[in-house]
Protein chains: 2
Amino acid sequence: MSTVNQNLFKGVWVPVLTPFAADLSVDGTALAAHCHWLLEQGADGLAVFGTTSEANSLSVEERMSLLEALVEAGVPADRLMPGVGCCAMGDTVRLSRQALDYGCRGVLMLPPFYYKGVSEDGLFASFCRIIEQVGSDDLRIFLYHIPPVSQVPIPASLVARLLQSYPNQIAGIKDSGGDWNHTCELLERFDGLRIFPGSERFLLDALRHGGAGCITASGNVNPGGIRRVYERWSDGADDADDTQHRATAVRDVLEQSRMIPALKTLCARHYDDPVWATVRPPLTPLSDPDRAALFERLDQIGFSM
Amino acid sequence: MSTVNQNLFKGVWVPVLTPFAADLSVDGTALAAHCHWLLEQGADGLAVFGTTSEANSLSVEERMSLLEALVEAGVPADRLMPGVGCCAMGDTVRLSRQALDYGCRGVLMLPPFYYKGVSEDGLFASFCRIIEQVGSDDLRIFLYHIPPVSQVPIPASLVARLLQSYPNQIAGIKDSGGDWNHTCELLERFDGLRIFPGSERFLLDALRHGGAGCITASGNVNPGGIRRVYERWSDGADDADDTQHRATAVRDVLEQSRMIPALKTLCARHYDDPVWATVRPPLTPLSDPDRAALFERLDQIGFSM
């Protein structure tokens with residue numbers, strides 16, 4: 001079973017939005033500032049370069065230069081879980097090695113996602129080869145299960161095979177499938193793994209079933225509110241369910257918009273910088289009416305970032 | 001309407017398999033040899049770095065070094081249509097520029113394929129930005145519609161918008177949707193575009209409706225047989241349908257196997273080099289029984305590469 005540091009990789013992790021300049025180039029300064037703000041607000045860690053980060057709209061070189069910029073800007077490497085999973089194994093290996101070189105203690109790994117309907121043997125071979133090529137005992141992989149986007153699931157049977165072959169490297173799972181029954185199955189079956197649902201909607205339920213916390217997009221705008229659920233649960237407080245309901249109410253509103261542009265729109269208001277709302281194609285920003293509706297709905301539940 | 005050279009981009013184009021060494025590194029020498037063989041057999045052109053080429057299992061650097069190796073090995077650049085579409089626009093721009101620099105007259109472009117359910121506006125913005133960033137009047141794009149794999153279609157309405165904005169750059173479509181009705185719609189609606197169905201199954205029908213030819217995986221092993229359909233149709237010969245039936249019979253057998261490993265297995269036998277059968281994960285090679293069944297079925301219809 002995995003020997004992950006017990007103080008790391010639990011609680012509320014945020015797949016950090018990637019800010020772009022008006023010309024769509026990456027803005028490492030704004031990214032570092034947002035990372036610092038999230039940690040100040042109580043985020044336990046930062047899953048940079050995830051789906052919410054538009055990481056697959058970045059080149060490998062852009063991801064590498066951003067990670068360097070973050071570490072240089074004083075974002076603690078051991079609070080980072082960079083996304084590294086690409087279609088090409090060589091790219092995944094390169095990003096994983098860099099993350100280790102910079103002192104990151106874990107990486108978030110998508111399966112190769114271009115070919116669909118591939119066999120479990122093929123996915124197993126892919127992860128095995130990546131682990132062998134990275135060639136480090138320090139590698140800790142969080143498997144990234146997000147079938148609604150990747151269209152390539154990481155079934156529990158594959159997790160079991162990987163865990164048997166690489167008990168030290170397979171550290172956990174981000175389950176963004178949105179199916180609580182599947183998360184439950186993972187929690188029951190893989191007792192020693194850090195299981196993070198991909199939404200705070202399931203945070204308290206997951207914690208009560210042995211989950212590690214959550215890795216959630218809306219943590220970009222509501223890190224404190226989501227962290228409170230974790231704290232109240234940790235403290236055994238009576239109002240843990242109340243904090244969950246409040247966090248879920250915010251999530252409910254966010255899910256009425258397209259998530260990534262909505263979160264960036266809220267950051268643009270928070271940082272008083274309209275450029276923050278920029279997304280890279282194929283994503284598109286919220287229209288003016290959609291932005292107004294988002295703001296109004298959040299006002300109605302008394303939420304502000 | 002597009003000003004594609006009338007002598008280029010018609011007939012039988014082959015999305016060339018990418019051979020790997022036993023250590024899974026790319027084998028540029030074997031790739032060049034296969035390209036030369038395909039042209040000798042009558043292939044009109046080579047759509048290197050497509051889906052069949054496992055191009056998305058290659059890094060950007062690997063694709064660039066392979067294109068360089070092909071041109072250095074004497075494969076004519078104007079017979080190449082390199083695949084350039086990546087999730088990240090910057091990568092697509094980089095590959096497109098290299099293709100132009102090496103004298104390729106057209107590129108095959110997937111839409112960005114990580115995010116699913118994206119808007120037509122977002123896809124339009126993505127293609128527009130790529131065209132602007134490449135910034136060359138010589139760019140000729142063949143839009144790559146392959147929803148079974150990419151899960152991101154290029155609908156006819158998007159083609160129309162792109163054609164209106166960039167009549168010189170939008171040169172054609174590879175339609176690998178497998179839906180003849182959709183191909184027909186494209187043929188009727190976009191009279192001046194080069195429309196290539198993604199299977200020789202539709203070759204004669206496409207030609208009779210104004211299609212340019214086909215771009216087909218099985219061209220890797222049956223280039224002569226497929227080229228014969230095109231020739232007989234060009235000549236107005238009576239036996240065009242017979243040649244189509246013979247080509248389709250081979251296709252029928254190939255489709256009973258997993259296509260890419262099956263084609264590589266046939267190349268391994270043809271070139272008497274078992275390493276040719278190597279695929280990169282997440283693909284897996286054919287099992288011994290599956291290979292034997294493939295050979296037997298092809299024997300039964302009297303086909304050999």
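Conventions adopted
- Residues numbered from 1 in each chain as written.
- Chains lettered and ligands numbered in written order.
- Predicted model: local features only at pLDDT ≥ 70, side-chain atom pairs only at ≥ 80, totals over all residues.
- Axes fitted to C-alpha atoms, helices over the stretch in contact; angles between N-to-C directions.
- Helix = DSSP H or I, 4+ residues; strand = E, 2+ residues; numbered from the N terminus.
- Parallel < 35°, antiparallel > 145°, perpendicular 65-115°, else oblique.
- Left-handed = near helix turned anticlockwise from the far one by under 90°.
- Contact = placed C-beta atoms within 7 Å.
- Nonpolar A, V, L, I, M, F, W, Y, C, P; charged D, E, K, R; others polar.
- Pairing = 2+ DSSP bridges.
- Buried ≥ 20, exposed ≤ 12 C-beta atoms within 10 Å, placed from the backbone.
- Arc of directions from axis to C-beta.
- Least-squares fit on C-alpha atoms with pLDDT ≥ 70 in both.
- Core = buried A, V, L, I, M, F, W, Y, C linked by C-beta atoms within 7 Å.

## Quick word on the packing of helix H9 (residues 223-234) of chain A against helix H10 (residues 240-254) of chain A
Residues and elements named next belong to chain A. Two numbers describe how H9 lies on H10: the axes approach to 8 Å, and their chain directions differ by 160°. Between H9 and H10, the crossing angle belongs to the class labelled roughly antiparallel. As H9 packs across H10, the resulting crossing turns out to be left-handed. For the pair H9 and H10, contact is made by Gly225, Ile226, Arg228, Val229, Arg232 and Trp233 and by Ala240, Thr243, Gln244, Arg246, Ala247 and Val250, respectively. Its residues assigned to classes, the contact of H9 with H10 comprises six nonpolar, three polar and three charged.

## Points about the interface of chain A and chain B
In this complex, chain A contributes 29 residues to the contact, which on the side of chain B involves 29 residues. Of all elements in the fold, only helix H3 (89-101) and helix H4 (120-134) of chain A reach the threshold of two or more residues within the side of chain A that touches chain B. Ranked by residue count, the leading element in the side of chain A that touches chain B is H4(A), at six residues. Considering only residue class, the side of chain A that touches chain B consists of 15 nonpolar, nine polar and five charged.

## Focus: the sheet that holds strand S6 (residues 194-197) of chain A
Paired through their backbone hydrogen bonds, the strands of a sheet run either parallel or antiparallel. Residues and elements named next belong to chain A. Overall, parallel pairing links the four strands, which are arranged S3-S4-S5-S6 in an open sheet. For this open sheet the edge positions go to strand S3 (107-109) and S6, each flanked by a neighbour on one side alone. For this sheet, the mean inter-axis angle between neighbouring strands, taken without regard to orientation, is 25°. When S3 meets strand S4 (residues 141-145), the two strands line up parallel, connected through three bridges. Its bridge partner being in S4, methionine 109 is matched across the sheet by leucine 143.

## Some remarks on helix H7 (residues 180-189) of chain B
Residues and elements named next belong to chain B. All of the buried residues along H7 are Thr183, Leu186 and Leu187. Mapping the buried residues of H7 onto a view down its axis gives an arc of 100°, with all of them on the same face. Seen from the open side of H7, the exposed residues pointing more than 90 degrees away from its buried face are Asn181 and Glu188. Here the buried face of H7 lies against helix H6 (156-165), strand S5 (170-175), strand S6 (194-197) and helix H8 (203-208).

## With respect to the relation of the copies chain A and chain B
Screw-axis analysis of chain A against chain B gives a translation of 0.0 Å along the axis, an RMSD of 0.0 Å, and a rotation angle of 180°. The operation mapping one copy onto its partner corresponds to a two-fold rotation axis. When the interface residues of chain A are mapped onto chain B, 100% of them again fall at the interface, so both copies present the same face.

## Re unusual backbone geometry
Of the consecutive residues Pro281(A) and Pro282(A), the connecting peptide bond is found in the cis state with omega at 15°. As for its position among the elements, Pro282(A) is in the loop between helix H11 (259-270) and helix H12 (288-300). Even without being glycine, Leu24(A) reaches a positive phi, approximately 75°. Here Leu24(A) lies in the loop between strand S1 (11-14) and helix H1 (28-40). Residue Leu24(A) is classed as partly exposed on the basis of its 15 C-beta neighbours within 10 Å. Phi at Glu54(B) takes a positive value of approximately 55°, unusual for a residue other than glycine. Within the element layout of this structure, Glu54(B) appears in the loop between strand S2 (45-46) and helix H2 (60-72). For Glu54(B), a count of 23 C-beta atoms within 10 Å puts it in the buried group.

## Topic: the packing of helix H3 (residues 89-101) of chain B against helix H4 (residues 120-134) of chain B
Axes are the key here: two packed helices are described by the angle between their axes and the distance separating the axes. Residue and element names in this part refer to chain B. Between H3 and H4, the least distance of the axes is 9 Å, while the angle of their chain directions is 45°. For the element pair H3 / H4, the angle class is oblique. The interaxial crossing formed by H3 with H4 has right-handed handedness. Facing H3, whose interface residues are Met89, Thr92, Val93, Ser96 and Arg97, H4 presents Ser126, Arg129, Ile130, Gln133 and Val134. Among the residues forming the contact of H3 with H4, the class breakdown is four nonpolar, four polar and two charged.

## Points about the environment of Asp101(A)
Its place among the elements puts Asp101(A) in helix H3. What makes Asp101(A) partly exposed here is the crowd of 13 C-beta atoms within 10 Å.

## A few points about the environment of Ser304(B)
Along the polypeptide, Ser304(B) turns up in the segment after helix H12 (288-300). Residues Ser304(B) and Asp44(B), spaced 260 residues apart in sequence, show a C-alpha to C-alpha distance of 21 Å.

## Observations regarding the pairing of S5(B)
All names here are of chain B. Across the six residues that make up S5, a large majority, six, are buried. By the bridge criterion, five bridges tie strand S4 (residues 141-145) to S5 in an arrangement that is parallel. Its bridge partner lying in S5, phenylalanine 142 is registered against glycine 172. Where S5 lies against S6, four bridges are found, and the strand directions are parallel.

## Observations regarding the nonpolar core
If you look at soluble globular proteins, the nonpolar side chains tend to sit buried side by side. Membership of the largest hydrophobic core comes to 195 residues, with the highest contact counts inside it found for Leu46(A), Phe142(A), Leu46(B) and Phe142(B). Among all residues touching Leu46(A), those that are not within four sequence positions of it are Trp13(A), Val14(A), Val16(A), Cys35(A), Leu38(A), Arg79(A) and Leu80(A).

## Structural notes on the sheet that holds strand S3 (residues 107-109) of chain B
All names here are of chain B. Pairing is parallel in the open sheet, where four strands are placed in the order S3-S4-S5-S6. Either end of the sheet is taken by a strand with one partner, and the two such strands are S3 and S6. Sheet twist, expressed as the mean angle between neighbouring strand axes with direction ignored, is 25°.

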